[in-house]
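Listed below are the residues making up each chain.
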Amino acid sequence: MCGIVGYVGARPALDVVVEGLARLEYRGYDSAGVAVLADGRLATAKRAGKLVNLRNALEEEPPPAGTLGMGHTRWATHGAPNDRNAHPHTDCTGAVAVIHNGIIENFAALRSELEEGGHKLSSDTDTEAVAHLLENELRSSGDLAEAMRRVCRRLEGAFTLVAVHTGDPDLVVGARRNSPLVVGVGEGENFLASDVAAFIAHTRDAIELGQDQVVELRAGGVTVTDLDGRPAETTAYHVDWDVSAAEKGGFDYFMLKEIAEQPRAVADTLLGRIGADGRLTLDEMRIPDQELREVDKIIIVACGTSYHAGLIAKYAIEHWAGLPCEVELASEFRYRDPILSRSTLVIAISQSGETMDALMAVRHAREQHAKLLGICNVNGSTLPRECDGVLYTHAGPEIAVASTKAFLTQLVAVYLIALYLAQVRGTKWGDEVFAMVQLLAQMPDKVDKVLETMEPVRELARSLAGERCVLFLGRHVGFPVALEGALKLKELAYMHAEGFAAGELKHGPIALIEDGLPVVVVVPPRARDVLHDKIVSNIQEIRARGARTIVIAEEGDTSVEPYADTLISVPAVPTLLQPLVTTVPLQVFACELATAKGHDVDQPRNLAKSVTVE
Ligand code: M6R
């Protein structure tokens, strides 16, 4: 949600900022704006809609050239997505401009106070209040960073704020609480952004900012303080991917590129985690083995696709590590009374590491003294900082809103964790863990093989572009795969799509089956004979009622052939690992179908890549 870019240096700020906003487009937005300081004057421009509208406005009326500026892509929360509510927002004097990501929960009270004090607010946003509060504070101190600290102390909720002021034309000030902001450190120039993609073309050196920190950015240096003005501790890091990873590399869409990158992403996530003796070594786990032996329950919290990875993790953890495992939607977790103790391990899965629902669940678990482990793809994001340990997935930047390679690498991460728990708790022999790890190591090739055979899936998808609804069925780990297939179709093709556990069919969903309804069925390996045979019966039941059956089964499974209108074969792999190969055709299916309908698969309507509000 909302993309933020700030720049100070020697280059034309407008170019750097607009280019940065373009790289943050994937986060999801519905308006965009910029502010540039030049010759002591503040110039702003903002437009509803896509960045192209802002670019056109800037071409028609170019602002004066300056080397300090900031830009914003807004995902509307308070107030409609129109020009007036787009950021930046300015104060009454036009000397201060502010951009913001997050929600300021006490904004109504602040707004009334400001209006009573004579301020004229011209938008419906929570953000504008901050510009006027800064105006008040600047009257007494004249110091933008100090004004920002004072204002932040009054704010409730989540925010990343960036502000500039004509009174100090070499300074950009940022602040963060519960919302992302990273610093890019260049030579004679510095950057602020919601994530490193915005400045990766200029520098790979970054600083992660902690909670309630204020950063002062000048061309020659960066100063970080807490809200009381004391020097704050920060962590510097080097980004391990470059600008080419954040570009389409010849593909029409990022999503296509990211689907194609999956074999590499899976391999990278396994890399360095298997010792020479065949034992797993998860260095970043940081929770001592003794504490892991004391764990008596695991709770996984996550949202969307990451939640589906969590559902699959449950099967692996219970089977290999012999531990009870619950999986909970992060957005629901803290609103019930989850039973947690010091011996509960809470695993939070989040590609971005910034999903507010996941962060709030983690904080709730922390208050109950649970141990916390994060699975995350973004170095420098909030989730790993708030957990005791972390397992990074090495998917590289995932730009398309729909999660693909991040999901497969999350699966690898949960398999590694389940096997690691089995290793330290002794629920599997060392050679059993090693045998499974060796099978995991074969998965990049298996995924590659799936990708090589996707043309018939694309053809099928195009032929179904006129359908209104598609159902997905699965059992065991195939059930979360069915949910994931349905989610992909909903978010990309805007179609009604539902995933069901095939065993539940007879308890209701079978009533949905009618002539010609496409139903995708994920079939477990033949080795799971009882489950396998039951789902083959389910396929017969729905086909008898007119469904058009699209069956995903392992190569050589001839038993499904008579009942499959379309058969998609995937390589044979052990049951628990099957989601790594069965999910891929569903990603390709959704992507192709949505493209056939003319949708932008990288930026589906109403969605944001990183959901930083609750
Ligand atoms: O960054 P996260 O993994 O925490 O994001 C969670 C969901 O918002 C995300 O998986 C979402 O469901 C995807 N767009 C689905 O493709």
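So, how was this worked out
Residues numbered from 1 in each chain as written. Predicted model: local features only at pLDDT ≥ 70, side-chain atom pairs only at ≥ 80, totals over all residues. Heavy atoms only, no water. Phe/Tyr/Trp six-rings, centres within 6.5 Å; stacked < 30°, edge-to-face > 60°. Helix = DSSP H or I, 4+ residues; strand = E, 2+ residues; numbered from the N terminus. Lys NZ or Arg CZ within 6 Å of the ring centre and 35° of its normal. Near = heavy atom within 4 Å. Polar contact = N/O pair within 3.5 Å; in protein donor to acceptor, adjacent residues only side chain to side chain. Areas by Shrake-Rupley, 256 points an atom, 1.4 Å probe, with all protein chains shown as cover. UniProt positions renumbered as here; feature names shortened; annotations may be inferred. Buried < 20%, exposed > 50% of the residue type's maximum accessible area, 1.4 Å probe, protein only. Contact = heavy atoms within 4.5 Å. Core = buried A, V, L, I, M, F, W, Y, C linked by side-chain atoms within 4.5 Å.

J.: Quick question: what am I supposed to make of the packing of aromatic side chains here?
T.: Any aromatic ring pair is given by two values, namely how distant the centres are and how the planes are angled relative to each other. In total, this model carries three aromatic pairs according to the counting rule given. Arranged with centres 6.1 Å apart and planes meeting at 65°, the rings of W320 and Y415 form a pair that is edge-to-face. With W320 in helix α9 (residues 304-321) and Y415 in helix α13 (residues 405-425), this residue pair connects regions lying 95 residues apart in the sequence. Counting every residue linked through ring pairs, the aromatic cluster contains Y7, F191 and F199. The ring of Y29 carries K50 above its face, with NZ or CZ at 4.5 Å from the centroid.

J.: Explain the site of the ligand to me, please; I cannot follow it from the model alone.
T.: In the region of the ligand, 14 residues are neighbours, and S306, S350, Q351, T355 and E491 sit closest. A distance of 3.1 Å separates an oxygen atom of the ligand from a polar atom in the backbone of T305. Interatomic distance of 2.8 Å between a backbone N/O atom of S403 and an oxygen atom of the ligand. Protein coverage of the free-state accessible area of the ligand, which is 410 Å², stands at 90%. At the level of secondary structure, the elements contributing two or more residues to the shell around the ligand comprise α9 and α17 (478-493).

J.: For this particular structure, what's the right way to read the UniProt feature "active site" (unreviewed entry) in the protein?
T.: As annotated in UniProt, the feature "active site" (unreviewed entry) corresponds to C2 and K609 in the numbering used here. Across 608 residues of sequence, these annotated residues stay compact in space, with a maximum C-alpha separation of 9.7 Å. Secondary-structure assignment places C2 in the segment before β1 (3-8). On the basis of relative accessibility, which here comes to 5%, the residue C2 falls in the buried class. Look past the residues within four positions of C2 in its chain and what remains in contact with it is R27, G28, H72, T73, R74, W75, H100, N101 and S194.

J.: What is the right way to look at the nonpolar core in this model?
T.: Considering soluble globular proteins, one finds that nonpolar side chains tend to be buried as a cluster. Among the nonpolar cores identified, the biggest contains 123 residues, and I298, I317, W320, I347, F472 and L489 are the most heavily contacted of them. Counting residues per element, this core draws most heavily on α13, at 15 residues. One finds L144, A145, M148 and V173 within the second-largest nonpolar core, a separate group that totals 28 residues.

J.: When you look at the UniProt feature "domain: Glutamine amidotransferase type-2" (unreviewed entry) in the protein in this model, what are you seeing that I'm missing?
T.: In the numbering used here, UniProt assigns the "domain: Glutamine amidotransferase type-2" (unreviewed entry) feature to residues 2-228. Counted over residues 2-228, helix gives 25% and strand 35%. Its end C-alpha atoms are 27 Å apart.

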